[in-house]
Each structure stands twice: as structure tokens, then as C-alpha cells.
Amino acid sequence: MMIHEAAQRSGTTKKAIEYYCMKGLIHPEVTENGYRSFTEEDVFLLKKISLLRSLGVPVEDILSLLGGDEDAVFQRIAEERGRILQKQKQQYELLQELAVSRDWDTISRRRAVMEAQESITERLIRAFPGFYGTWLGLHFSRFLQDPIQNEAQEAAYREICAYLDGLQFELPEDLTAYLDEMNSEDAVQMFKDAEAAVTDAMEDPEEYLRTHKEEIEKYLEYTDTEEYRSSPAFRLKEAFAQFQKEQGYDTVFLPLMRRLSPSYDAYREKLEKADRKFMDAYPYRLQ
């Protein structure tokens with residue numbers, strides 16, 4: 001079929017189809033006389049493209065969807081859209097407050113906090129692959145609510161940005177695929193549950209050890225098995241441990257975060273106390 005019929009059947013326009021062809025979203029056959037010839041498959045593809053465009057999906061992301069893992073790309077697009085909407089919501093709320101209070105200094109300081117949070121969160125997401133980057137962004141963003149009030153914090157913020165911009169972290173293809181498979185609601189819930197467990201353990205380590213003794217010992221027994229040591233989860237853990245050692249995650253990034261954020265500094269102090277309790281309880285198993 002010719003372009004006018006394809007446009008009519010797909011519910012789009014000739015101009016839009018020409019644009020999609022130019023951008024490489026669709027590749028109709030070209031007849032001997034130079035006209036494009038569209039198939040039923042092309043019409044179905046045009047309907048998909050038209051729907052995605054109507055939902056605000058950029059052409060670059062549509063190319064990724066058509067040429068890659070749909071589940072992973074859809075998850076990434078949804079997460080990016082969620083971050084954009086959250087940012088717009090925060091901006092709207094600050095604008096409403098400013099309209100009522102006319103407190104320019106306070107709103108300016110709060111906007112500066114938002115900018116620092118966005119900057120570090122986005123850099124974490126870019127620096128680390130797959131869902132791990134998203135999780136790190138979510139994890140650290142909750143400690144970026146404190147305003148930058150002195151030169152030491154300003155310096156820490158600049159150094160964190162420079163550190164994250166300079167990171168190079170690559171994984172083997174199979175581990176990258178393993179991370180991509182975690183782009184799901186189940187993975188999000190798994191990390192939320194893990195964060196909640198860490199919080200419980202930090203609040204009262206001795207009580208947590210007592211009430212979760214059986215679960216902890218079963219997990220430690222599993223980590224001693226060949227099944228675990230040959231699993232993607234173990235290889236991923238080892239890859240991150242090597243990265244942290246080589247690129248200063250523990251010795252550069254985390255200390256800078258403590259300088260930047262008083263709430264993160266307090267969190268790390270409690271976490272380290274809990275770690276010492278666990279090490280005392282399982283001195284040979286947690287080395």
C-alpha cells in the first residue's frame with residue numbers, strides 16, 4: 001500500500017510517517033519508481049509509534065524500544081518519567097509557597113537542596129548499570145534533604161559530582177543482563193524489604209539478632225555453598241566489591257557523603273555500630 005493509505009489505516013499523517021522514516025523508526029520497501037510501499041506489519045508498527053508519541057515518549061526511546069529489550073526500556077522510561085513528574089511536582093509546590101509567603105530566601109534555599117539532590121541522584125543512575133543505579137539513587141536521595149550551609153559541604157558536593165562524573169564501571173554482558181532482569185516491581189519490593197531490614201537491625205541490633213537468628217544462620221550457610229558461589233548474585237557482589245576497592249567508593253564517595261549530609265553521617269554511625277554487633281555474633285562468617 002502507498003503512504004496515503006498507510007497514514008489513513010494507522011491513524012497518523014503522511015508528514016508524520018515521512019518523519020518516522022527519516023528517523024529510522026520504520027523501513028518500508030521502496031518500489032522501482034521510488035515510492036514507499038507499506039505492509040500490514042508497517043501499519044501495525046505505525047500504530048505503536050503513534051501511540052508512544054501520544055504518550056510523550058521521545059523518538060530516541062522509541063528506537064530503543066523497537067530495537068531492544070522492551071521490558072527493560074519500558075521500565076527505564078517509566079522511571080525517568082516518574083523523576084520528571086516528581087521534579088515538576090516539587091517545583092509547583094515551591095511556586096505555590098512562594099506565591100503565598102513571598103519568602104524568596106527560604107524558597108531559594110529549598111530549591112538549592114532540590115538541585116543538589118537531583119544532581120547527585122542523576123549521576124548515580126548514570127554511573128551504575130541497570131536497576132543498581134536506580135536503587136543507589138533512591139537510597140542516597142533520602143539523605144540529600146539537608147541544606148548546604150557551609151564551605152565544607154559545598155566542597156563535598158563539588159567533589160562528589162566530580163567523583164561520579166569520573167566513574168567507569170562496566171560489567172560482563174551476562175551480569176548486565178542479570179541486572180536488567182531485575183527491572184521489575186518484584187525487584188523494587190526486594191530492595192525496599194532489604195532497606196527495611198537494615199533499618200530494623202540498626203535500631204536494635206541485639207534484638208534483631210535474637211529474633212532473626214534462624215534466618216541469618218540459614219543465609220550464612222547458603223553463602224558457603226557452591227550453588228551460591230557460582231550464581232550471578234555472587235559474581236555481581238564480587239564485581240561491585242572489586243569496583244569499590246579500585247575506584248574509592250568506600251574511601252572517597254562515602255566519606256564525602258558524610259561531610260555533605262548530616263543525616264547520612266548519623267545513618268552511617270548507626271550502621272557501623274550494628275555491623276560491629278553482627279561481627280561479634282558471627283566473627284568467622286562475616287569476614
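Residues numbered from 1 in each chain as written. Predicted model: local features only at pLDDT ≥ 70, side-chain atom pairs only at ≥ 80, totals over all residues. Heavy atoms only, no water.

1. Some words on the side chain of Thr223
And then number 1: Checked against the element boundaries, Thr223 lands in helix H12 (residues 213-223).
And then number 2: Using a relative accessible area of 13% as the deciding quantity, one classes Thr223 as buried.
And then number 3: Beyond its immediate stretch of four places on either side in the chain, Thr223 contacts Tyr228 and Arg229. (Helix = DSSP H or I, 4+ residues; strand = E, 2+ residues; numbered from the N terminus. Buried < 20%, exposed > 50% of the residue type's maximum accessible area, 1.4 Å probe, protein only. Contact = heavy atoms within 4.5 Å.)

2. A look at H12
And then number 1: The complete set of buried residues in H12 reads Ile216, Leu220 and Thr223. For H12, the angular spread of buried residues about the axis comes to 60°, placing them on one side. Seen from the open side of H12, the exposed residues pointing more than 90 degrees away from its buried face are Glu214, Glu215 and Lys218. (Arc of directions from axis to C-beta.)

3. Examining the nonpolar core
And then number 1: Counting residues in each nonpolar core, the largest one holds 35 residues, and the members touching the most others are Phe128, Phe140, Tyr249, Phe253 and Met257.
And then number 2: Here this core takes 6 residues from helix H15 (residues 249-260), the largest share from any one element.
And then number 3: In this structure, Phe253 is in contact with Leu124, Phe140, Ile160, Tyr163, Leu164 and Gly248, ignoring residues within four places of it in sequence.
And then number 4: Met1, Ile17, Leu46 and Val59 belong to the second largest nonpolar core, which has 22 residues in total. (Core = buried A, V, L, I, M, F, W, Y, C linked by side-chain atoms within 4.5 Å.)

4. What to know about the pattern of salt bridges
And then number 1: Summed over all chains, the structure comprises 13 salt bridges.
And then number 2: For Arg123, the salt bridge is made with Asp165, and the minimal N-O distance between the two is 2.8 Å. Taken together, the positions of Arg123 in helix H6 (residues 104-127) and Asp165 in helix H8 (residues 151-165) put the pair 42 residues apart, joining distant regions of the chain.
And then number 3: Here Arg258 ties to Glu272 by a salt bridge, and the two come within 3.0 Å at their closest N and O atoms. Placement of Arg258 in helix H15 and of Glu272 in helix H16 (residues 262-281) is noted, with a sequence separation of 14 residues between them. (Salt bridge = Lys/Arg side-chain N within 4 Å of Asp/Glu carboxyl O.)

Interpretation note: all reported values are geometric properties and have no functional meaning in isolation.
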